[in-house]
Amino acid sequence: MFVPPGDRTLGEHEWRPFVVEQGFGQLIAPGAGREWPAVAATQFVLDDDQVLVHFAGPNPVLAALGEDPRAMLAVAGDWAYVPSDWKTIGNEDPRLGIPTTYYGAVQLRGHAEVLHEPARIAGVLRRQLAALQPGTDVADPEEAHPAKLKVIRAVVLQIDDVVAKFKYGGNVDEEHRRAVVARLAARGGPGDGAAAAHVLRRLDGSGPAG
């Protein structure tokens, strides 16, 4: 993923909450000698430096991980289309504006372990349930669903590298960015509020990390 200087993350305090809030992504495993990598859309839990997921046994991503444990979780969201005339202010010709899309994207890369043992799978499910629905009384998976634990697999991705991009107008000055924020607020479409909040948060930040 290409990340120009103006779109670099401010640091873990920025990308980690974004990933947790999105909560859904694409797990990608290259496998070995495949024409295409295996890609699985999935709910996930980010637990310290691990990504926790589980899949039905026949999911092709599990076979790919058996061939090569390298994997990447790709997460993207909080996106909003910015029309060309929104990119101009004052006496600038709105016909010359260049449209763009604001968005956040994070790639978590590392090596994944596929868990086959029911007890270990149940352990991952407990951690997922605790994160996704804290305070909800649920039956213990190992006690209540032993048969189901035999037909699913848990995957633990140990994060070795993070690439994060927050494309929210970092290539233009504050005046132009605030003009886009005002227009996002006026439009009020899906994603507009989140995108505007990212612009404002980054304007108040200390600048791109790295």
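Residues numbered from 1 in each chain as written. Predicted model: local features only at pLDDT ≥ 70, side-chain atom pairs only at ≥ 80, totals over all residues. Heavy atoms only, no water.

Caption draft 1: Highlighting the packing of helix α6 (residues 174-187) against helix α7 (residues 192-203). Where α6 meets α7, the axes come as close as 9 Å, and the angle between the chain directions of the two elements is 155 degrees. In terms of orientation, α6 and α7 fall into the roughly antiparallel class. Where α6 crosses over α7, the two elements pack in a sense that is left-handed. Contact with α6, carried on its side by Glu174, Arg177, Arg178, Val181, Leu184 and Arg187, involves Asp192, Ala195, Ala196, Val199, Leu200 and Leu203 of α7 and no other residues of that element. Across the contact of α6 with α7, the residue classes break down as seven nonpolar, no polar and five charged. (Axes fitted to C-alpha atoms, helices over the stretch in contact; angles between N-to-C directions. Helix = DSSP H or I, 4+ residues; strand = E, 2+ residues; numbered from the N terminus. Parallel < 35°, antiparallel > 145°, perpendicular 65-115°, else oblique. Left-handed = near helix turned anticlockwise from the far one by under 90°. Contact = heavy atoms within 4.5 Å. Nonpolar A, V, L, I, M, F, W, Y, C, P; charged D, E, K, R; others polar.)

Caption draft 2: Here's a closer look at the sheet that holds strand β4 (residues 50-56). Strands sit in the order β2-β1-β5-β6-β7-β4-β3 across an open sheet of seven strands; the sheet is antiparallel. Pairing within the sheet leaves two strands with one partner each, and these edge strands are β2 (38-43) and β3 (45-47). Taking the axes of each pair of neighbouring strands and ignoring which way they run, one obtains an average angle of 35 degrees across the sheet. With six bridges connecting them, strand β1 (residues 24-29) and β2 associate as antiparallel partners. Along β2, the bridge assignment pairs Gln26 with Ala41. Together, β2, β3, β4, β6 (100-115) and β7 (152-167) form the strand contacts of helix α3 (residues 118-132), whose direction differs from that of β4 by roughly 115 degrees. (Pairing = 2+ DSSP bridges.)

Caption draft 3: Spatial organisation of unusual backbone geometry. Despite not being glycine, Asp48 has its phi angle at roughly 55 degrees, a positive value. As for its position among the elements, Asp48 is in the loop between β3 and β4. One non-glycine residue, Asp78, lies in the positive phi region at around 50 degrees. Mapped onto the fold, Asp78 is located in strand β5 (residues 70-82).

Caption draft 4: Here's a closer look at the environment of Val151. Topologically, Val151 is positioned in the loop between α5 (146-149) and β7. Taking the C-alpha atoms as reference points, Val151 and Ala56, 95 residues apart in sequence, are found 6.3 Å from one another. Each residue touching Val151, except ones within four places of it in the same chain, is listed here: Ala56 and Gly57.

Caption draft 5: Expanded view of the nonpolar core. Counting residues in hydrophobic clusters, the biggest one holds 40 residues, and the most contacted among them are Val51 and Leu108. Here Val51 is in contact with Phe44, Val45, Leu46, Leu73, Leu108, Val155, Val156, Leu157 and Ile159, once residues within four sequence places are set aside. The next biggest cluster of nonpolar side chains, apart from the first, holds eleven residues, and it includes Leu115, Ile121, Val124 and Ile152. (Core = buried A, V, L, I, M, F, W, Y, C linked by side-chain atoms within 4.5 Å. Buried < 20%, exposed > 50% of the residue type's maximum accessible area, 1.4 Å probe, protein only.)

Caption draft 6: Highlighting α6. If you check α6, its first and last C-alpha atoms are 20 Å apart, about what 14 residues at 1.5 Å a residue would give, namely 20 Å. All of the buried residues along α6 are His176, Arg177, Ala179, Val180, Val181 and Leu184. Its buried side turned inward, α6 meets β5, β6 and α7. Between the side-chain oxygen of the N-cap and the backbone nitrogen of Glu175 there are 3.3 Å, and the N-cap of α6 in question is Asp173. Downstream of α6 by a residue or two, Gly188 has a phi angle that is positive, lying close to 65 degrees. (Expected span 1.5 Å × (residues − 1). Polar contact = N/O pair within 3.5 Å; in protein donor to acceptor, adjacent residues only side chain to side chain.)

Caption draft 7: Here's a closer look at the packing of aromatic side chains. Going through the model one piece at a time under the given rule, you end up with two aromatic pairs. A ring pair is formed by Phe18 and Phe166, whose centres lie 5.3 Å apart and whose planes are at 75 degrees; its orientation type is edge-to-face. Of this pair, Phe18 sits in helix α1 (residues 12-22) while Phe166 sits in strand β7, and the two are 148 residues apart along the sequence. Both residues of the pair, Phe18 and Phe166, belong to the buried class. Geometrically, the ring pair formed by Tyr102 and Tyr168 is edge-to-face, given 5.8 Å between the ring centres and 70 degrees between the ring planes. Of this pair, Tyr102 sits in strand β6 while Tyr168 sits in the loop between β7 and α6; the two residues are 66 residues apart in sequence, bridging distant segments of the chain. A residue is classified by how much of its surface remains accessible, and Tyr102, at 2% relative accessible area, is buried. Overall, Tyr168 belongs to the buried group, its relative accessible area being 2%. The cationic tip of Arg201 hangs over the ring face of Phe166; the distance from NZ or CZ to the ring centre is 5.9 Å. (Phe/Tyr/Trp six-rings, centres within 6.5 Å; stacked < 30°, edge-to-face > 60°. Lys NZ or Arg CZ within 6 Å of the ring centre and 35° of its normal.)

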